[in-house]
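Read off the chains here:
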Amino acid sequence: MDEVIQVTQWFSSITPRKKAKLFFFTTHADAPTPMVGSNDVDTHEETQLPLATTVALHNFKNIDEFLKKKVNTFSCYNVIENEITKTDYEYLRFYSACKYLDVVPPFLDLEKKSAIQNKFEMTDEERDYRLLLDSADLVLEKVCDSLKPAGVSQMWTALRKDRNLIRGVKTIDIIGFFVDPNPTGIKECLFFFIVRFLQKADKINRVNTNRLERLIAQCDESSSCEEGKTIDFIIDSLRFYPTELYPFGFCLIMCVIEGRDGAMQEIEKTMEISRHLGMITHTKKNPTKETIELVKKELMKPKYQFYSSFTCWFMSHGDSNSMVLADGETIEREWFLTSFPDISTFQLKPKVFFMVSCRGANKFSLKGDEFEGQSATCDYYDVGSALIRNRMLDITDSVRDISYVQPMMDTLVAYSTILDHLSGRANTHGSIYVDRACVLMSENISRGRSLTEILEHLSQDLHEILQETMDEDRIVYKQACHYDSFFRKTLKLPYTRHPKEDVHSAPQ
């Protein structure tokens, strides 16, 4: 069959709602950089004009032309060996969006897709189409699905009132002030226009969604939400780190085995729980400083931009400031922790570090007079909420910025023990902290728990366990773990994920 006829038939089979979503996923806001052709970015008009004209005219002609242009580009594209181009990235995004929406063109060359994935050095696990979808866009799609046309229209009205934000933007004027979002697919086009406009204006990104939340908060709940949804529910969905679908993220396990009884058990447990959580996992036994440098270099590769989170388990001996590597050399714990969060492929994504090692030789012993008479007390200060409101600053958009981010932001570091203290282990099972952490995460999958909730439960659970030193003194002691968080959103544990594709109904 002639390809032109195939393209025409393919377009005629796609509903307006799916066309709007395919356009949205295809015009993804955060393409990986650097890459060949990265200067040839989508212009303001290319990503927003088709949406604006579709809303204004109730006609999908410009979106159809945009998508047909993409299809023609992919059809004529010759995959260049070694170099990763902008078209490579777009090809994978387009394919994954079509697969997700269940509208894969029969004429799309899957051999080209495979050749592009080879250039990205993707493993078999990483060739799952769900990895290629942007989890932040999937969250925004669900927000759109939770709103009625009237709700999106109210968001548009609220946006139009911000004259400083919309001044001089031609596409805003094309749509006009009053919009009829009721025809099929128009609601989606208007919502996606609002999202892409705010992203291009540097008002929101995958972490900073306050400006979008404020627009939604101005909607009238009775007329704006789909059945079973509320304004609070919709806004809350934006306050979690986007980690939709499989995989939940990339997990790196580094474990020094030499001189650490039960170390292999630690590896097995952390591998099992990371895979159960739906992470793609890589293990490095007996790491050295050279190993760490090679891993950091590996994580800079473009394929890691597709991951939505990063988790690292580091298990070794240590003291208050450093950790002992397999070759006997030490590295500063602070150096290790500050070097990974700065990796560009995981910027604006949650990064979790489980640091499992002693941080000294002190023990919280249960013997001795110093333990007697202890009590936990605290002072409570009652400050009226009205007084607080009266003292609050009026923070305007003019003094807000989301462009520059401290490298440690969106990072959480979980320590198996507190500073200057031991981290206990069992002869055959390894670290008790690792054991309890894996058990609690496994038990709480599918319960909607956040990682910090699990860590708080872990702190309680671990501190109840009586441990005993392995020396001749046989001192009974307790271990206290803690974490430092620079998170800006909540990281929820996923529901059970499997490496194979989920059976799901395609979006409407």
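Residues numbered from 1 in each chain as written. Predicted model: local features only at pLDDT ≥ 70, side-chain atom pairs only at ≥ 80, totals over all residues. Heavy atoms only, no water.

## Things to note about the environment of Gly185
- Structurally, the position occupied by Gly185 is in the loop between helix 11 (170-175) and helix 12 (186-200).
- Along the primary structure Gly185 and Arg17 are separated by 168 residues, whereas in three dimensions their C-alpha atoms are 4.2 Å apart.
- If we skip the residues at most four places from it in the chain, Gly185 touches Pro16, Arg17, Ala20 and Phe60. (Helix = DSSP H or I, 4+ residues; strand = E, 2+ residues; numbered from the N terminus. Contact = heavy atoms within 4.5 Å.)

## So, the confidence of the model for the chain
- Here the chain averages 85 in pLDDT, while 87% of its residues score no lower than 70.
- Under a pLDDT of 50 for its full length, residues 498-505 has, in the predicted model, 14 contacts with residues more than four places off or in other chains. (pLDDT = per-residue confidence, 0-100.)

## Focus on the UniProt feature "domain: Caspase family p10" (unreviewed entry) in the chain
- With numbering aligned to this structure, UniProt lists the feature "domain: Caspase family p10" (unreviewed entry) at residues 410-443.
- Across residues 410-443, helical content stands at 35% and strand content at 26%; the span's end C-alpha atoms are separated by 25 Å. (UniProt positions renumbered as here; feature names shortened; annotations may be inferred.)

## Some thoughts on the sheet that holds strand 8 (residues 411-415)
- Ordered in space as 2-1-3-6-8-13, the six strands form an open sheet in which the pairing is mixed. Looking at strand neighbours, the two that pair on one side only are strand 2 (279-285) and strand 13 (482-485), the edges of this open sheet. On average, each strand axis in the sheet is tilted by 15 degrees relative to the strand beside it, whichever way the strands run.
- Pairing of strand 3 (residues 310-315) with strand 6 (residues 351-356) involves six bridges; the strand directions are parallel. Across the sheet, residue Cys312 finds its bridge partner in strand 6, namely Phe353.
- Along the sheet, helix 16 (residues 263-276) makes contact with strand 1 (249-255), strand 2 and strand 3, crossing strand 2 at roughly 165 degrees. (Pairing = 2+ DSSP bridges. Axes fitted to C-alpha atoms, helices over the stretch in contact; angles between N-to-C directions.)

## Re helix 5 (residues 86-101)
- Here helix 5 spans 23 Å end to end across 16 residues, near enough to the 22 Å set by a 1.5 Å rise per residue.
- Across the 16 residues that make up helix 5, a large majority, 15, are buried.
- Backbone geometry just after helix 5 places Asp102 at a positive phi near 60 degrees. (Expected span 1.5 Å × (residues − 1). Buried < 20%, exposed > 50% of the residue type's maximum accessible area, 1.4 Å probe, protein only.)

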